[in-house]
Amino acid sequence: MDVTVLQQSPAARKSIGKTGVLIVNLGTPDSPSVPDVRKYLREFLMDGRVIDIPYVQRYALVNGIIAPFRAPKSAKVYREVWTEKGSPLKYYGEVVERELQRQLGDNYVVKLAMRYQNPSLEAGLSEFQKLGLTDIVVIPFFPQYASATTGSVYEKVMEIVGKWQIIPRIEFTNSFLDHPKFIEGFAQRARPYMDKESFDHYLFSYHGLPERQIRKGDVTGTVCKLGDCCSSLHPQNQYCYRAQCFETTRLLVRALGIPEGKYTTTFQSRLGKDPWIKPYTEDVVQELGQKGIRSVLAFSPAFVADCLETTIEVGEEYKELFEKHGGKRWQLVESLNDSPIWIELLVDLVKKAG
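These numbers were taken from a predicted model, which means no experiment stands behind them.

Draft legend 1. Representation of unusual backbone geometry within the structure. P119 follows N118 through a cis peptide bond whose omega is -5°. Along the polypeptide, P119 turns up in the loop between β2 (108-116) and α5 (121-131). With a phi close to 55°, L226 is a non-glycine residue in the positive phi region. Relative accessible area serves as the criterion here: at 15%, L226 is assigned to the buried category. Not every positive phi belongs to a glycine, and N337 is a case in point at roughly 55°.

Structural data, given as structure tokens:
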């Protein structure tokens, strides 16, 4: 007897159920109060992909030193960025969630989630589980891949979904640093400032990582030198966070017509005494002022929504440092936030995954 096996086409499979779209940012405290900030820091920093040291050491460091002493200071800074709508990072995420849902239509279910705190990954995925979805698309809001960000989202999603009896098809977006709409989105933010005045220098500041995390990603042990090896992006270093950041800068420089010698790629937000990827933003900012650079246009292309690290760290703290060492004009370029081109980019990512 002949047996004919009919394979279900993608179109037929799509007609059965909807597609869930989980958009994921890093996270934010529920409020700028010290207890809520401490709770957030503990969850965030206890992630083994964020502080990649043995659990006992990490537990002692986070719960005995970092969270107790850093929470009051961080809470004070969070109060500076908090608005009547709450945390900007969460507020912009909610706006994007609604607009992306509107543009994708009824065949999709869009949910915002945070890797740490609320709305949680567990809550979003639990809703998807109950809907009988055919597919799930997970889009971490990190333009450049890093184990501590995108990798952590992957791991947590798989941990949760791995316990389900029925697991639908799941697609992850790995990065979008070279997506034309990502580059154009930041270029659109920068052009009004560049049209209005001429800047002496352009600074592209990315969130930093410990050097050991970059080296651990080089499974060959031969490619990563944390130097000129990041001067181009190729198959051997395509997942290197530092190399991806330098590539993002090159693409933005090309889109904005910034001359060679007038821009620098740097890394901010160091934590602890171990060496982090260089050059350090604070060192470069100080040097620029001392060299006679009087005006800087600063970018934060590792963040798609304004937050503590953009508004306060780059927008205010580095501005003060620059002026202290002789600088006169410091301007931060806003993140994509809820801009139309950011929504268009997300629609592209969803459709590509589908």
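Back to the write-up after that little detour.
Draft legend 2. Seen up close, the packing of helix α3 (residues 55-81) against helix α11 (residues 308-324). Viewed as axis vectors pointing N to C, α3 and α11 meet at an angle of 95°, and their least axial separation amounts to 10 Å. Taken together, the axes of α3 and α11 are roughly perpendicular relative to one another. In this structure, α3 contributes V77, Y78, E80 and V81 to the contact, and α11 contributes L308, T311, I312 and E316. In terms of residue class, the contact of α3 with α11 is made up of five nonpolar, one polar and two charged.

Draft legend 3. Examining the pairing of strand β1 (residues 19-27) more closely. Counting buried positions along β1 gives nine out of nine residues, so the element sits mostly inside the fold. Pairing geometry for β1 and β2, over eight bridges, is parallel. When the bridges of β2 are listed, T19 appears paired with Y108. Where β1 lies against strand β3 (residues 135-140), six bridges are found, and the strand directions are parallel. Counterpart to T19 in the pairing with β3 is D135.

Draft legend 4. How the structure looks around the pattern of salt bridges. Scanning the model with the defined rule gives 20 salt bridges in all. Two residues, K181 and D348, come together in a salt bridge whose shortest N-O distance is 3.1 Å. Here K181 is found in helix α7 (residues 180-196), whereas its partner D348 is found in helix α12 (residues 340-353), with 167 residues between them in sequence. The exposure class of K181 is partly exposed, given its relative accessible area of 25%. Looking at D348, the relative accessible area reads 29%, which means it is partly exposed. In this structure, the salt-bridge partner of D274 is R212, at a minimum N-O distance of 2.9 Å. One end of the pair, D274, is in the loop between β6 (263-268) and α10 (281-290); the other, R212, is in helix α8 (residues 211-217), and 62 residues separate them in sequence. On the basis of relative accessible area, D274 is assigned to the partly exposed category, the value being 44%. For R212, a relative accessible area of 27% puts it in the partly exposed group. One salt-bridge network, in which partners are shared between bridges, spans D52, R212, K216 and D274.

Rules of the game
- Every chain is numbered on its own, with residues counted from 1 as its sequence reads.
- The predicted origin of the model limits local features to residues at a pLDDT of at least 70 and limits the giving and counting of side-chain atom pairs to 80 or more, whereas totals for whole chains, interfaces and linings rest on all residues.
- For side-chain calculations, the full set of non-hydrogen atoms in the structure is used, while hydrogens and water are omitted.
- A run of DSSP states H or I qualifies as a helix once it reaches four residues; a run of E qualifies as a strand once it reaches two. Both are numbered from the N-terminal end.
- Summary of the burial criterion: residues with accessible area below 20% of their type's maximum are buried, those above 50% are exposed, and those between are partly exposed, where the area comes from a 1.4 Å probe applied to protein chains only.
- For helices, the fitted axis covers only the stretch in contact; all axes are lines through C-alpha atoms, and the angles between them, taken along N-to-C directions, range from 0 to 180 degrees.
- Roughly parallel covers angles under 35 degrees, roughly antiparallel covers those over 145, roughly perpendicular covers 65 to 115, and oblique covers all other angles.
- Any two residues whose heavy atoms approach within 4.5 Å are treated as being in contact.
- Three classes are used, and their members are as follows: Ala, Val, Leu, Ile, Met, Phe, Trp, Tyr, Cys and Pro are nonpolar, Asp, Glu, Lys and Arg are charged, and the others, Gly among them, are polar.
- Strand pairing is assigned whenever DSSP detects at least two bridges linking the two strands.
- One side-chain nitrogen of Lys or Arg within 4 Å of one carboxyl oxygen of Asp or Glu is enough to make a salt bridge.

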